[in-house]
Amino acid sequence: MKERIKKWWLMSIVLLLAVGMIAGCNTNEEKAESKSSEKTTESGKAFPVTITDDAGREITIEKEPETIVSIQTSPTEIAFALGLGDKIVGVSDYDNYPKEVKKIQKVGAQDINTEVVLSLMPDMAFVTDYHYESHPDILKQLEDAGIKVIVVGDASSFKEVYQKIEMMGKATGTEAKAKEIVTEMQDRLAKIKEQAKEVKDKKKVWVEVAPAPDIYTTGTKTFMHEMLEAIQAVNAAEDHEGWVKLTEEEIVKLNPDVIVTTYGYYIDDPKKEVLSRQGWAEVPAIKEKQVFDVENDTVTRPGPRLIEGVETLAKFIYPEVFDK
């Protein structure tokens, strides 16, 4: 009888141990499955992530996007800078940088080619605030198809550009790279500002973003204004705000020391055109032939290349300080 009870206890203990081992295995398997299903970003943070886009919408992104459409030039440049080039399956009709975009499917511009976008079935789409305000029905159609629509609005300062880069980095799981890009831009800008302290006599600069007869310039609250301030130059249009149109008579009275054009990509020899204008002969910039054309995208497009624009302007306007 005692022997039978002893065997019963031994069997009970073995059974309990077996159940414990099975339960432990199941728990470990569940943990392993949970861990493997948790997709992490390059910075070690797991999806899902929640961002606030430039339309003020809180958007939760469940998993890292594998395919992306960008219907705006600046987010496309930012996306490539973030290392997402191989995920971009659609770009705007006006995308021109980097060169890889020429081989990517065009999906429209202000008017989105909805059918093409839906045929590509991207995980994510970067759109403009114009799209958000003017085509809400199309954006809803994209969202109903399971596409995460992120509004990337315009920017008028370096600070706002930094915020857009960081927002896109968080949305795509490239936060570390976004921080790296922003830090590099900030460091280069700080270096320029430090070097600009050597400037003794500030020059007045007239910026043309559209040629005659309808001449437009950039006043305050624009990249160009911030760039000129950074290099200790005076914006000839500082009494105006944003993008403004002035007459030739008004411009001549400003007497700029330097004239910068940004439309050489569609006007042949803009310098020659400016130097030959009637009634401008006594303008200091004309007398000294201080007329320069800079690449438009590096001074007006909200993206990583803006810092190149500042460096170019600095060398044109103050070569004795920055080009030595």
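Note that the structure is predicted; figures quoted are calculated from it, not measured.

Asker: Give a description of the side chain of Ser70 that names residues and reports values.
Answerer: Here Ser70 shows up in strand β3 (residues 68–70). Judged by relative accessible area, Ser70 falls into the buried class, the value being 0%. A distance of 3.1 Å separates a polar side-chain atom of Ser70 from the backbone oxygen of Gln72.

Asker: With reference to specific residues and values, describe the packing of helix α8 (residues 223–230) against helix α13 (residues 306–317).
Answerer: Between α8 and α13, the least distance of the axes is 10 Å, while the angle of their chain directions is 50 degrees. On the basis of the axis angle, α8 is oblique to α13. Where α8 crosses over α13, the handedness of that crossing is right-handed. Taken together, the residues of α13 that come into contact with α8 (itself represented by Phe223, Met224, Met227 and Leu228) are Leu306, Gly309, Val310, Leu313 and Ile317.

Asker: Describe in detail the sheet that holds strand β6 (residues 124–127), supporting the description with residues and values.
Answerer: The strand order β5-β4-β3-β6-β7 describes an open sheet built from five strands, whose pairing is parallel. Only two strands of the sheet have a single neighbouring strand rather than two, namely β5 (105–106) and β7 (148–151). Bridge count for β3 against strand β4 (residues 88–91) is three bridges, and the pairing is parallel. The residue bridging Ser70 from the neighbouring strand is Val91, located in β4. Those strands touched by helix α6 (residues 158–172) are β3, β6 and β7, and its axis lies near 170 degrees from that of β6.

Asker: Let's hear about unusual backbone geometry: which residues, and what values?
Answerer: Working note: non-glycine residues mostly have negative phi, and peptide bonds are mostly trans. Cis rather than trans, the peptide bond between Tyr97 and Pro98 has omega equal to -5 degrees. With respect to the secondary-structure elements, Pro98 resides in the loop between β4 and β5. The residue after Ala212, namely Pro213, is reached through a cis peptide bond having omega 10 degrees. Positive phi, normally seen in glycine, also occurs at Gln232, with a value near 65 degrees. Inspection of the secondary structure assignment puts Gln232 in the loop between α8 and β10 (234–235). For Gln232, a relative accessible area of 27% gives the class partly exposed. Residue Lys289 is not a glycine yet carries a positive backbone phi of 55 degrees.

Asker: Before we move on, can you summarise the pairing of β6 with the specific residues and values?
Answerer: Neither face of β6 is open: one carries Met124 and Phe126, the other Ala125 and Val127, and all of them are buried. Direction of pairing for β3 relative to β6: parallel, over a ladder of three bridges. By the bridge assignment, Val69 is partnered in β6 with Ala125.

Asker: Help me get a handle on the pattern of salt bridges, residues and values and all.
Answerer: Evaluated as defined, the whole model comprises 20 salt bridges. The residue Glu143 makes a salt bridge to Arg57 at a minimum N-O spacing of 3.0 Å. Taken together, the residues Glu143 in helix α5 (residues 136–144) and Arg57 in the loop between β1 (49–52) and β2 (58–61) connect sequence positions 86 residues apart. Across the salt bridge formed by Glu208 and Arg277, the nearest N and O atoms sit 2.6 Å from each other. Taken as a pair, Glu208 in strand β8 (residues 204–208) and Arg277 in the loop between α10 (270–275) and α11 (284–287) lie far apart in primary sequence, 69 residues in all. Beyond isolated ion pairs, a larger network of salt bridges with shared partners links Glu77, Glu295, Asp297, Arg301 and Arg305.

Asker: Quick rundown of the packing of aromatic side chains? Include the residues and the values.
Answerer: In the structure shown here, the tally under the stated rule is five aromatic pairs. With 6.3 Å between their ring centres and 50 degrees between their planes, Phe158 and Tyr162 make a pair best called tilted. Taken together, the residues Phe158 and Tyr162, both in helix α6 and four residues apart, mark about one turn of the helix. Residues Phe158 and Tyr162 agree in their burial class; the two are buried. Ring centres 4.7 Å apart and planes at 10 degrees place the aromatic pair Phe292 and Phe316 in the stacked group. Placement of Phe292 in strand β13 (residues 291–293) and of Phe316 in helix α13 is noted, with a sequence separation of 24 residues between them. The residue whose ring lies beneath Arg277 is Trp280, and the NZ or CZ to ring-centre distance is 4.8 Å. Positioned above the aromatic ring of Tyr97 is the side chain of Arg305, whose terminal nitrogen or guanidinium carbon lies 3.7 Å from the ring centre.

Analysis parameters
- Residues numbered from 1 in each chain as written.
- Predicted model: local features only at pLDDT ≥ 70, side-chain atom pairs only at ≥ 80, totals over all residues.
- Heavy atoms only, no water.
- Helix = DSSP H or I, 4+ residues; strand = E, 2+ residues; numbered from the N terminus.
- Buried < 20%, exposed > 50% of the residue type's maximum accessible area, 1.4 Å probe, protein only.
- Polar contact = N/O pair within 3.5 Å; in protein donor to acceptor, adjacent residues only side chain to side chain.
- Axes fitted to C-alpha atoms, helices over the stretch in contact; angles between N-to-C directions.
- Parallel < 35°, antiparallel > 145°, perpendicular 65-115°, else oblique.
- Left-handed = near helix turned anticlockwise from the far one by under 90°.
- Contact = heavy atoms within 4.5 Å.
- Pairing = 2+ DSSP bridges.
- Salt bridge = Lys/Arg side-chain N within 4 Å of Asp/Glu carboxyl O.
- Phe/Tyr/Trp six-rings, centres within 6.5 Å; stacked < 30°, edge-to-face > 60°.
- Lys NZ or Arg CZ within 6 Å of the ring centre and 35° of its normal.

Interpretation in functional terms is not warranted from these geometric data alone.
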